[in-house]
Structure formats: structure tokens, C-alpha cells
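Chain by chain, the residues run as shown.
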There are 4 protein chains.
Amino acid sequence: MSETGTPAKDQPDRDAQTGREPKTARGEATRRAILGAAEKVIGRQGFNEASIGSITREAGVAQGTFYIYFSSKDEVFSELVVEMGRMLRHVISEATGGMADRLEAEREGLRAFLTFVASRPELYRIVQEAQFVDPDAYRAYFRTFAEGYRQGLAEAAEAGAIRPGNADVRAWALMGIARALGEYSVVFGDTTPIDEVVDIAHDLIVDGLRK
Amino acid sequence: MSETGTPAKDQPDRDAQTGREPKTARGEATRRAILGAAEKVIGRQGFNEASIGSITREAGVAQGTFYIYFSSKDEVFSELVVEMGRMLRHVISEATGGMADRLEAEREGLRAFLTFVASRPELYRIVQEAQFVDPDAYRAYFRTFAEGYRQGLAEAAEAGAIRPGNADVRAWALMGIARALGEYSVVFGDTTPIDEVVDIAHDLIVDGLRK
Amino acid sequence: MSETGTPAKDQPDRDAQTGREPKTARGEATRRAILGAAEKVIGRQGFNEASIGSITREAGVAQGTFYIYFSSKDEVFSELVVEMGRMLRHVISEATGGMADRLEAEREGLRAFLTFVASRPELYRIVQEAQFVDPDAYRAYFRTFAEGYRQGLAEAAEAGAIRPGNADVRAWALMGIARALGEYSVVFGDTTPIDEVVDIAHDLIVDGLRK
Amino acid sequence: MSETGTPAKDQPDRDAQTGREPKTARGEATRRAILGAAEKVIGRQGFNEASIGSITREAGVAQGTFYIYFSSKDEVFSELVVEMGRMLRHVISEATGGMADRLEAEREGLRAFLTFVASRPELYRIVQEAQFVDPDAYRAYFRTFAEGYRQGLAEAAEAGAIRPGNADVRAWALMGIARALGEYSVVFGDTTPIDEVVDIAHDLIVDGLRK
DNA sequence: TATGAATGAGAATTCATTCAT
DNA sequence: AATGAATGAATTCTCATTCAT
């Protein structure tokens, strides 16, 4: 994969967060309340429609309180994107960890992804919007995934578990399938059961269109 | 495909609302200048960062002139999305029209898509952003494509040209591959030649990962 | 005089003024109205108490109009300081220009200064406040004056018109007298007629305290 | 001197308002820490830029602690101005007390003033800013000085130690020289040694410019 | 006495849109 | 058709001050 610059590892302190860390349990709770409210409100209304006021109202705190924990609207947003990345990586590696069969891992990874997306639709939408709100976070998010994916595919090809082929492009293509299907259900409200969608897509991924 | 709500047809009069049609050649030229400037500026800076002022400055006209041709900022945006849809459909049907071999049509359609995206990156970005700025236009755009794609796949399966399988999900999955690869080059600036990308992806689409 | 850095010449474009120049007579008038209102309001209430709202209210325009002509509150302020410098230099050189007798020039310069200050008390106050609001403008203002003053004193000493002595320190001391007497009347509201004040101060400047 | 309004005496209870007096040694220390931090921070950043937070951070205490010792931001400021007045009067009377020769007292007073200012530049800046932040305190400060100065000059003239002349105006003029020279070094960073500056200014004060 | 979380009023600034010329 | 001045609502962010612990 064409790594342009930054490493694919987890960002440690991206942005030097100015929002101070809470020092008491109460503060911790407030911070979480705001973060949750931000996920809900931004995820629903979009970054620009969601005002700080609407977030704090949802969180049940005063407007000023927001700035005790986050230095700006961009910062919460960015934090949500990073959080989504962390959770998703966790969920997927839980689902596929230690699977011997690469093709089965492919199926389970997709299922885990779609399940997670369905459970946190607002968070998913936020990541999509990150492309326009916080391109750096967005790119970091995708690079991290793509790099992991690429490695998996490359190793599988090496081991003869799958047909050989450019792992970079394949990684992007397979991520594209996952995204599209996530959008299919979240954005377009399709109600086909996840397991069914997973099986259809997996069949395509594994055996292609050819008769 | 699960149609939820609005029809998949082209918006009929979307702009008849207020954006008066120019009556002179000069007016026509001005309108086009503004539309082009909007594509460039919004595509680069994003809908919210792009002000009417920055668009008219780019177009070389006064701010007020904008409202002679468009009734609002949303309207130009919407018009650009519709335009992109029209052009893309044209380009793709040009590339695949009358092809007997469905699998080859798949390849050429993907190539045409990636080529077009590379030639109008700002316009492509605008369509992506439409998800957040003008969800209706966005959904209409995708539904139209998905529906066409679905039909093609269904007929091919029917005709025994490809393996049978749920055409709806497949359509979305294949569109997802195309989008991801478009983003791969436009957003992430990957420089792998399009033809190469197309071949790799096509190989995956046609024969899958299985050894 | 210890020139630390910047030249003593008039700043040409200090701050790259973002506030666009008006293009019509109406715009010109509005800009002037705002500038005048700013002088009045900031001069009276001080920089921090004077809100943009209070300035535009005084000027009889909407708040947004302010930003058509000035890019920020600091910018108007800065412009007022520069304007004061220009006017004052003009007034003083008018009053003393071509005077052969240095000591008489001293008297007339002081009179012109105090007269001007009395006629534009708000503007005077703004310059004083510049020390805290826009230190660069403040220093530029004083350096310019001090340098002119120093030259005048140095030449006079050279020519034998006054007793020799360090012209730098003297320039600052004499400027200090003028400022203090300006404050005496403007800030402390003393009502001694200017001419009287001038004579008393001039006597001190010329002959000192010694019996 | 033309007394306009408030008496020239020290403010009586200025802070008895709400700022509770500390009752323990620890409290006393905390109060002093805050006062010192306020001098440093306000003196450097100016009243408006200096937030309570920046002061308490500098002092190493929590924000709320500030309000145990001072009832408002204005109050600390005011207290600093009064403190400066007290110290300066002390320093000057130490330097000139019991001097028989008025002209020599003039020299030593100036030296003491400039020395003090150089040792506490932030405090000096605070007094200057008081003109805009706390005009009452500012006027009180200057009136007190001016009145003392005036008396000294009047008595000296009476006693035939100096040439006769309006003591009010002279007092302001001489104070103006001192202030300007203080600013010369503090604000403009001139590095001429104080003793030299004092001698030059004293020569001017005593014998004037005339050849 | 000390802490630090919470408040909410207030201010600057931006920008889509309107309108007189 | 074109201009550009004017509007004012909306939004983010800051900060002095209060208060429960």
C-alpha cells in the first residue's frame, strides 16, 4: 500500500487535546455525557447542523461546560472518529481473531462490521462525515484499516490460502464492499437481515461473478 | 431493490423553483461561470467552508449576481449532484453500451467510472458530501444507479451469463468497490495507473478470492 | 535614540488590512460613519467596554456592516491610532513649521498639541489605551514623534540655539510634559486655560526651576 | 490644584467590601501568592487578557480559591494600584526625606522613582492601565502624588529656593517627565543607565533649554 | 481553607440573502 | 443583467463568578 507519510499505527495524542481531563468522578461522568450526546446529535443532524447548544442540551449541562472538556466542536468530533476506529478494530479482531481459515475470517469480519454499524448508526455516520469535517482523522482511520487488511490478504496469498493478487487494491475493494453494505442498511434503511447480506456478499467475494 | 420513499427518477423541476433561466447568451455564460466556480470551490473546500462570496469571486462576478441564477446555495449544490449523475450515466453507458459480455461490461464500466472521477475530482467529492448536505439528492443519485446495476445483474443471471445471486446486494457491493477505488485515488492520492487498478479489481469481481 | 528594530517612518500598510476599501460613495460614507462612531464610543467607554454593537448602533448601521469595512475590532482601533498620529504631526508641523526660534517653536508646538487634544479627547484617550490594546501601534506612534523631536533638539543644540544635552532623553522628557498636561486637562478635567498652561510650562522648559 | 470630585486621600476601606481577611498563616500566604501572581500576570498580559484562571494557575491554587481572598477581579487590580501608591510614596520620601536642597531632592526623587519602576515593571504597567480599568483608583493615585508635589514646589518657591511659578502645572509637568522616562525604559526597553538619564533630565529641569 | 465543576451571560464574527442603483 | 452595500440571525467560544464537596 502506498503509505504517504504518517505511520499506520494508532495516533497517540493527535491534536494535543486542549480539553483538560476531568479530575473527579463527577467530571468524568459529565465528559462522558457530553461525548454521548455529541455522538447522538452530530450523528443525527450532521456536524454543521449540530450546534454546541444542541449537544449540551441533550447532555443536560450548560453550554460553557462543553468547553471544560473539549476545546472545540472539532475536537469532540475528532475524538468520536478515533473512538469509532478503536471500537471497530476491537470488534473485528474479536470476531476473527485466531481464525485459521482466511475466507471464513472474511465472512466473520464483515458480519462483525455490519453488526457494529447497525448498533451505532450515528457513530458510523460521523466517520463518513469526517471526510469533510476532519480529513486527517478520516484518512488516518482508513489507512489504519487498510494497512491491517492488506497485511492479512498478503499473508493469506503468501500462504496459498487465497489466489494471489495485489493486496493493496484488494483491501480497498473489500473495504468498499463493507462500507457500501453498511450504507445500504444505515443510510438507505434496507431491512434485509444482516446474516443474509453477509452470505450473499461473502459468496461474491469468495467465488466472484463467473459462472 | 428496496425502494423506500422517493422515486428513483431524475428530479423533475428541482430548480424551476426560483433560479430563473438566463435569457441571453451573456446570461447563459454567467450562469455557467458560476456553476463551474461552484464545482471548483465547493469541491475543494467543502460545502460549508465554501461561501457564496468565494464562489462569485472565483467566477469573477459580484455576489448579488449569484442570486440571479440560483435561488440558494443549496440549489447550486443540488444541481451539481444531478449534473454528476447525468454525466456519469452517460459516460458509463457509452463505455458499456451494447456489450454482449457482461463480465467485460463490468470491467469497462469500472474503467469508465474511475476515469471520469479522476477527471472531475471536485465533482466527485461533491456527490460524496451530498450525503450530508442534500440527502434526498444523494439517495436519488444512488438509487438510480443501483437500480440500473441491479437490472443488469439480474438479467445476466437470468441469461446464465453469471452465477445466480441476490442482485440487489450484489449491485451495492460492486458499487462499493467502484467508490472505494475512486476514493483510493482521489482522496488518498494513490497513483497506481487506472488500468492496473481496474484489472486487479476485475479479477476479484469475476473470480473471487478462492484459490 | 535607541532604535530597536522598526524604522521610524510612517507605517505604510501595517496589518495588511483585510477590511476592503469601499467602492462607492455610499460605502465611503458608511466607512467614515463607523470610524467616527468607533472614535466616540471607544474613546468614551474604553476598548473593552465598547462592543461592536455599541459602535454600529452609534453609527446607525447593522452589526454585520462593521465587518465590511474592518476585519476586526482591533483593526479599527489600530486605524484610529494611526490616524491620530497623522493628524497630530500635521497640526504640530503647521504650528511650528518654518519657525526660526527653537524656543518659540517649543511653545507653539505645545500649544498646538494641547489644543488638538482638547478638541479630540476621545482620540487622545485611544492613543493612551493603545499601550495595552495595540502595543505595536503605540510604540510606532511614539517612536515616530520621539525621533522627530530628537532631531529638532539635536539640530538646535548643534546650532547653538539651546544648551547642549542628550537629545534622546530630552525629547522623551519634553514629550512627557506635553502628555501630562494633556492628561491634566482631559482626564482630570482641569479648566485652566490652555494658553496659561502653555506659558507656565514653557517657562519651566526654557529656564528651569533654578532661581 | 483643581480638585474635581473625590478626595485625594487614600481610599479608606476599598477592599473591606467582600474580600475576607485571612485568619491563618496559611491563608495569609495564599493571599500573598495570589496577589503576587496577579501582579505578574496582569502586568504582563494586561487586565483583560489576564484571566482569573491564569492568575490562580500562576499562584498554584484552584480557581475558586481566588474568591476566598478577593471579591472580584477588579478588586485585586485596585489593591495593586493602591499598593503601588503606598510603596512609591514610601520609596520617594525615603530618598528625599529631610533634604534641605529642593533641587537636589528633585534629582533624588526622580532617581528613586526610576529605580523603583525598573524593579517592579509589571506593577508600573498596572498603574498605567488603571486609567482604563479603574479610573477612580488612577485619579486618586495621581492626585495624591500631585498634591504632595505641588506643596513641595509651593513651599520651595515661597522660601525662595526656586523661581516662582504655578505649582500645580509645574507638579504635573515634572511628574510627566518622570513618567515618560519610566516608560522610556520599561515600555521601550531603553538601556541607558538610570543615573545618566537622571542627570540629563535633572539638568533640564533645573536650568531649562535656554543657552 | 481549598478544590474544581458548573454556570450562563456576553461578545466577536460569519455569511446567506435582499435590495437599491 | 450586474453590482456591491446592507442586513441580522445564528454560532462558537470565553470567563468571571458561584457552589457543593
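Note that the coordinates shown come from a computational prediction; the quantities given were computed from them, not determined experimentally.

Undergrad: I keep staring at the overall build of chain A and nothing clicks. Help me out?
TA: Tallying secondary structure elements over chain A gives 9 helices and 0 strands in all. A buried classification covers 53% of the 211 residues belonging to chain A. For chain A, the share of sequence-separated contacts (at least 6 apart) that also reach a separation of at least 24 residues comes to 71%. For chain A, the computed accessible surface area is about 9,400 Å², with 50% contributed by carbon and sulfur atoms. One finds the centroid of the 26 positive side-chain charges in chain A at a distance of 3 Å from the centroid of its 33 negative side-chain charges.

Undergrad: Sorry if this is basic, but what is going on with the protein's contact with DNA strand E here?
TA: Taken together, 32 residues sit near DNA strand E, with Thr30(A), Tyr69(A), Tyr67(C), Thr30(D) and Tyr69(D) positioned nearest. When the atoms of DNA strand E within 4 Å of the protein are sorted by group, sugar and phosphate make up 71%. Between DNA strand E and Ala62(A), the relevant distance is 2.8 Å, taken from a phosphate oxygen to a main-chain nitrogen or oxygen of the residue. The separation between a phosphate oxygen of DNA strand E and a polar main-chain atom of Ile52(B) is 2.8 Å. Put simply, the parts of the chain that give the surface near DNA strand E at least two residues each are helix H1 (25-45) and helix H3 (63-69) of chain A, helix H3 (63-69) of chain B, helix H3 (63-69) of chain C together with helix H1 (25-45) and helix H3 (63-69) of chain D. Residues that form the surface near DNA strand E fall into these classes: 14 nonpolar, 13 polar and 5 charged.

Undergrad: Sorry, what's going on with the relation of the copies chain A and chain B here?
TA: For the pair of chain copies, the relating transformation is a rotation about an axis with a translation along it. Between chain A and chain B, the superposition needs a rotation of 180° and an axial shift of 0.0 Å, giving an RMSD of 0.1 Å. Both copies of the chain, as the preceding transformation shows, are related through a two-fold rotation axis. In terms of proximity to the rotation axis, the leading residue of chain A is Gly208(A), whose C-alpha is 2.0 Å off the axis. Both copies present the same face, since 100% of the interface residues in chain A are matched by interface residues at the equivalent positions in chain B.

Undergrad: Can you walk me through helix H9 (residues 194-207) of chain A in this structure?
TA: Under the 1.5 Å per step criterion, the end-to-end length of H9(A) is 20 Å for 14 residues, consistent within 8% with the ideal 20 Å. Those residues of H9(A) that sit buried are Val197(A), Val198(A), Ile200(A), Ala201(A), His202(A), Leu204(A), Ile205(A) and Val206(A). Of the surrounding secondary structure, the elements contacted by the buried residues of H9(A) are helix H5 (102-119) and helix H8 (167-186) of chain A together with helix H8 (167-186) and helix H9 (194-207) of chain B. Just past H9(A), the residue Gly208(A) takes up positive phi, approximately 75°.

Undergrad: Looking at this structure, I do not really get the relation of the copies chain C and chain D. What am I missing?
TA: When chain C is fitted onto chain D, the two copies agree to an RMSD of 0.1 Å after a turn of 180° and an axial shift of 0.0 Å. A share of 100% of the interface residues of chain C reappears at the interface of chain D, consistent with the copies meeting face to face through the same patch.

Undergrad: Is there a simple way to explain the protein's contact with DNA strand F in this structure?
TA: As a structural note, the neighbourhood of DNA strand F is formed by 33 residues, with Thr30(B), Tyr69(B), Thr30(C), Tyr69(C) and Ile52(D) the closest of them. Sugar plus phosphate: this is where 69% of the atoms of DNA strand F within 4 Å of the protein reside. Here a phosphate oxygen of DNA strand F and a backbone polar atom of Ala62(C) are 2.8 Å apart. Thr65(C) has a polar side-chain atom sitting 2.8 Å from a phosphate oxygen of DNA strand F. The residue inventory of the surface near DNA strand F, partitioned by class, reads 14 nonpolar, 14 polar and 5 charged.

Undergrad: I would appreciate a short explanation of the interface of chain C and chain D in the present structure.
TA: One frequent convention defines the size of an interface as the accessible area lost when the parts assemble. The partner chain D presents 48 residues to the 48 residues of chain C that form the contact. Interface area for chain C against chain D, summed over the two sides, is near 5,000 Å², with a carbon-plus-sulfur share of 62%. The three residues of chain C that bury the most area against chain D are Arg163(C), Phe188(C) and Leu209(C), which together make up 17% of that side's buried surface. Linking chain C to chain D there are 8 salt bridges. Across the pair Arg210(C) and Asp207(D) runs a salt bridge, and its minimum N-O distance is 2.8 Å. Inspection of the region where chain C meets chain D yields 20 residue pairs in polar contact (both at pLDDT 80 or more). Here the element with the most residues in the side of chain C that touches chain D is helix H8 (residues 167-186) of chain C; it accounts for 13 residues.

Undergrad: Teacher, can you tell me more about the interface of chain A and chain B here?
TA: Listed by partner, the interface residues are 48 residues for chain A and 48 residues for chain B. It is Arg163(A), Phe188(A) and Leu209(A) that lose the most area in chain A upon contact with chain B, and together they represent 17% of the buried surface on that side. Put simply, chain A and chain B have 8 salt bridges between them. Here chain A and chain B share 19 residue pairs in polar contact (both at pLDDT 80 or more) between them. Of all elements in the fold, only H5, helix H6 (121-133), helix H7 (135-158), H8 and H9 of chain A reach the threshold of two or more residues within the side of chain A that touches chain B.

Undergrad: Which parts of the structure should I look at to understand the packing of H6(A) against H8(A)?
TA: Any two packed helices are characterised by the angle at which their axes cross and by the distance between the axes. Residues and elements named next belong to chain A. Closest axis-to-axis distance for the H6/H8 pair is 11 Å, and the angle between their directions is 130°. The pairing of H6 with H8 is recorded here as oblique in orientation. The way H6 lies across H8 gives a crossing that is left-handed. Contacts between H6 and H8 involve Pro 121, Tyr 124 and Gln 128 from the first element and Arg 179, Gly 182, Glu 183 and Val 186 from the second. Residue composition of the contact of H6 with H8, grouped by class: 3 nonpolar, 2 polar and 2 charged.

Undergrad: Looking at this structure, I do not really get the pattern of salt bridges. What am I missing?
TA: Once their charged atoms are close, side chains differing in charge can pair, the charge on each being opposite to the other. Counted according to the given criterion, the structure contains 68 salt bridges over all chains. In this structure, Glu58(A) and Lys40(A) form a salt bridge, with 3.4 Å as the shortest nitrogen-oxygen distance. In this pair, Glu58(A) is assigned in helix H2 (residues 52-59) and Lys40(A) in helix H1, connecting sequence segments 18 residues apart. Assessed through its relative accessible area of 40%, Glu58(A) is described here as partly exposed. By relative accessible area, Lys40(A) is classed as partly exposed at 35%. The partner of Asp203(A) in a salt bridge is Arg163(B), and the shortest N-O contact between them spans 2.9 Å. On the criterion of chain membership, the pair formed by Asp203(A) in helix H9 and Arg163(B) in the loop between helix H7 (135-158) and H8 is interchain, its members lying in two chains. Connected through salt bridges with shared partners, the residues Glu39(A), Glu83(A) and Arg120(A) form a single ionic network.

Undergrad: How should the domain arrangement of chain A be read in this particular structure?
TA: Residues and elements named next belong to chain A. Splitting chain A by domain gives domain 1 (19-71) and domain 2 (73-211). Domain 1 and domain 2 are separated by 28 Å when their C-alpha centres are compared. The interface of domain 1 with domain 2 comprises 19 residues on the first partner and 15 residues on the second. If you sort the residues of domain 1 by the area they bury against domain 2, Leu 35, Glu 39 and Phe 47 come out on top, with a joint share of 43%. At the boundary of domain 1 and domain 2, one finds 3 salt bridges. Between Arg 44 and Glu 122 there is a salt bridge, with its nearest N and O atoms 3.0 Å apart. Here domain 1 and domain 2 share 8 residue pairs in polar contact (both at pLDDT 80 or more) between them.

Undergrad: Please explain the side chain of Glu39(D) as it appears in this structure.
TA: Residue and element names in this part refer to chain D. Note on placement: Glu 39 falls in helix H1. We classify Glu 39 as buried; its relative accessible area is 10%. The contact partners of Glu 39, leaving out residues within four places of it in the chain, are Leu 80, Arg 120, Glu 122, Leu 123 and Ile 126.

Undergrad: Quick question: what am I supposed to make of the confidence of the model for chain A here?
TA: Any residue range with low pLDDT should be treated as having predicted coordinates unsuitable for detailed reading. Mean pLDDT for chain A: 91, with 91% of residues reaching 70 or above. Segment residues 1-16 of chain A is flagged for pLDDT under 50; beyond a separation of four residues in sequence, or across chains, it makes 24 contacts in the model.

Undergrad: Teacher, can you tell me more about the packing of helix H4 (residues 73-96) of chain D against helix H7 (residues 135-158) of chain D here?
TA: Residue and element names in this part refer to chain D. Closest axis-to-axis distance for the H4/H7 pair is 10 Å, and the angle between their directions is 10°. Between H4 and H7, the angle is such that the two are roughly parallel. Seen from H4, the contacting residues are Ser 78, Val 81, Met 84, Gly 85, Leu 88, Arg 89 and Ile 92; seen from H7, they are Ala 137, Tyr 141, Thr 144 and Phe 145. Counted by class, the contact of H4 with H7 contains 7 nonpolar, 3 polar and 1 charged residues.

What counts and what doesn't
Residues numbered from 1 in each chain as written. Chains lettered and ligands numbered in written order. Predicted model: local features only at pLDDT ≥ 70, side-chain atom pairs only at ≥ 80, totals over all residues. Heavy atoms only, no water. Helix = DSSP H or I, 4+ residues; strand = E, 2+ residues; numbered from the N terminus. Buried < 20%, exposed > 50% of the residue type's maximum accessible area, 1.4 Å probe, protein only. Contact = heavy atoms within 4.5 Å. Areas by Shrake-Rupley, 256 points an atom, 1.4 Å probe, with all protein chains shown as cover. Lys, Arg positive; Asp, Glu negative; His and termini not counted. Charge placed at Lys NZ, Arg CZ, Asp CG, Glu CD. Near = heavy atom within 4 Å. Polar contact = N/O pair within 3.5 Å; in protein donor to acceptor, adjacent residues only side chain to side chain. Nonpolar A, V, L, I, M, F, W, Y, C, P; charged D, E, K, R; others polar. Least-squares fit on C-alpha atoms with pLDDT ≥ 70 in both. Expected span 1.5 Å × (residues − 1). Buried area = accessible area lost by both parts, 1.4 Å probe. Salt bridge = Lys/Arg side-chain N within 4 Å of Asp/Glu carboxyl O. Axes fitted to C-alpha atoms, helices over the stretch in contact; angles between N-to-C directions. Parallel < 35°, antiparallel > 145°, perpendicular 65-115°, else oblique. Left-handed = near helix turned anticlockwise from the far one by under 90°. Domains from an automatic or database assignment. pLDDT = per-residue confidence, 0-100.

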